[in-house]
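The primary structure of each chain is shown beneath.
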Amino acid sequence: MLTATAENEAPSAFQALLERQVQTNNAPTPAKADGIAIGTLVHVNADGSQIQVQIPSLGLGPLPAVSMVTLGPQHLGQSLALGFEGANAHRPIVLGLMMLAQAPVQANEPTPEAASQAVRVTQNGRRVVVEAQTELELRCGEAVILLSEDGHIQIRGAYVTTHASASNRIRGGSVQIN
């Protein structure tokens, strides 16, 4: 293993990467970690060069991680979106910070605690299922996909395009065009 040339000199980023490689090679081979996991930032030094995360859904942590975003001590305890280098659960990559909207709760809206119980996310490595009690809305700018508990699906946007390499079928009890 490489060491710094002087005892008081901090190891370079290259040396830290080599040490991380040695540490993870000694770890037991984990199951494949396909997809994205939610983790928590548990350690970051002042300059953000050393990061550790915890991944409760995989029962792992704290683990050293690399990051695609700038992290500092002000982000400790915040939820993170994590990917995995080579699908190895012991090699997390911070993809970004999870942003939680803090909108005021209206009288007819459920509290955040009740809403979190009404939404369920399950995954098995091949499929992710997001379930909601009454409505599920995906929104990006002016584009919206809205699923309602009564079976209605709305797709709204300035332009809606469908592509198919085989047939593109529209089926229903009745079909209205324009």
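Residues numbered from 1 in each chain as written. Predicted model: local features only at pLDDT ≥ 70, side-chain atom pairs only at ≥ 80, totals over all residues. Heavy atoms only, no water.

## Regarding the overall build of the chain
- The secondary structure content of the chain amounts to 2 helices and 10 strands.
- Listed by position from the N terminus, the elements making up the chain come as α-β-β-β-β-β-α-β-β-β-β-β.
- Taken over 178 residues, the chain has a buried fraction of 19%.
- As presented, the chain carries roughly 13,800 Å² of accessible surface, and 53% of it is formed by carbon and sulfur atoms. (Helix = DSSP H or I, 4+ residues; strand = E, 2+ residues; numbered from the N terminus. Buried < 20%, exposed > 50% of the residue type's maximum accessible area, 1.4 Å probe, protein only. Areas by Shrake-Rupley, 256 points an atom, 1.4 Å probe, with all protein chains shown as cover.)

## A look at the pairing of strand β7 (residues 128-131)
- Pairing geometry for strand β6 (residues 120-123) and β7, over 4 bridges, is antiparallel. From the neighbouring strand, Val121 faces β7, where its bridge partner is Val130.
- Linking β6 back to β7 in an antiparallel pair, the connection comprises 4 residues, with Gly125 at a positive phi of about 95°. (Pairing = 2+ DSSP bridges.)

## Re the nonpolar core
- With 16 residues, the main nonpolar core has Leu41, Ile51, Val53, Ile55, Leu82 and Val94 as its most contacted residues.
- For this core, the elements supplying multiple residues, two or more each, are β1 (37-44), β2 (51-55), β3 (60-67) and β4 (79-84).
- Residues contacting Leu82, with those up to four places away along its chain left out, are Gly35, Ile36, Ala37, Ile38, Gly39, Val53, Ile55, Ile93, Val94 and Leu95. (Core = buried A, V, L, I, M, F, W, Y, C linked by side-chain atoms within 4.5 Å. Contact = heavy atoms within 4.5 Å.)

## Some points on the confidence of the model for the chain
- Model confidence for the chain is summarised by a mean pLDDT of 77, while 72% of its residues fall at 70 or above.
- By mean pLDDT, the top-scoring element of the chain is β2 (92), and the lowest-scoring one is helix α2 (residues 112-118) (54).
- In this model residues 1-8 is a low-confidence stretch, pLDDT under 50, and it forms 10 contacts with partners more than four residues away in sequence or in other chains. (pLDDT = per-residue confidence, 0-100.)

## Concerning the pairing of strand β10 (residues 153-156)
- Sheet topology places strand β9 (residues 143-148) next to β10; 4 bridges connect them, and they run antiparallel. When the sheet's bridge partners are listed, Leu147 is paired in β10 with Ile153.

## Digging into the sheet that holds β3
- Taken in spatial order, the 5 strands line up as β1-β2-β3-β5-β4 and close into a barrel, and their pairing is mixed. For this sheet, the mean angle separating the axes of adjacent strands, direction not counted, is 55°.
- Bridge count between β1 and β4: 4 bridges; the pairing is antiparallel. Bridge pairing links Gly39 to Leu80 in β4. (Axes fitted to C-alpha atoms, helices over the stretch in contact; angles between N-to-C directions.)

## Describing the environment of Thr162
- With respect to the element layout, Thr162 can be found in the segment after β10.
- When its relative accessible area of 56% is taken as the criterion, Thr162 is described as exposed.
- Engagement of the side chain of Thr162 in a polar contact is seen with the side chain of Asn168, the distance being 2.8 Å. (Polar contact = N/O pair within 3.5 Å; in protein donor to acceptor, adjacent residues only side chain to side chain.)

## Notes on unusual backbone geometry
- Phi is positive for Ala87, close to 60°, though the residue is something other than glycine.
- Position of Ala87 among the secondary structure elements: in the loop between β4 and β5 (92-97).

## Considerations on the pattern of salt bridges
- Evaluated as defined, the whole model comprises 2 salt bridges.
- Close ionic contact of Arg139 with Glu137 constitutes a salt bridge, the shortest N to O distance being 2.6 Å.
- Owing to a relative accessible area of 54%, Arg139 belongs among the exposed residues under this scheme.
- Its relative accessible area of 37% is what places Glu137 among the partly exposed residues. (Salt bridge = Lys/Arg side-chain N within 4 Å of Asp/Glu carboxyl O.)

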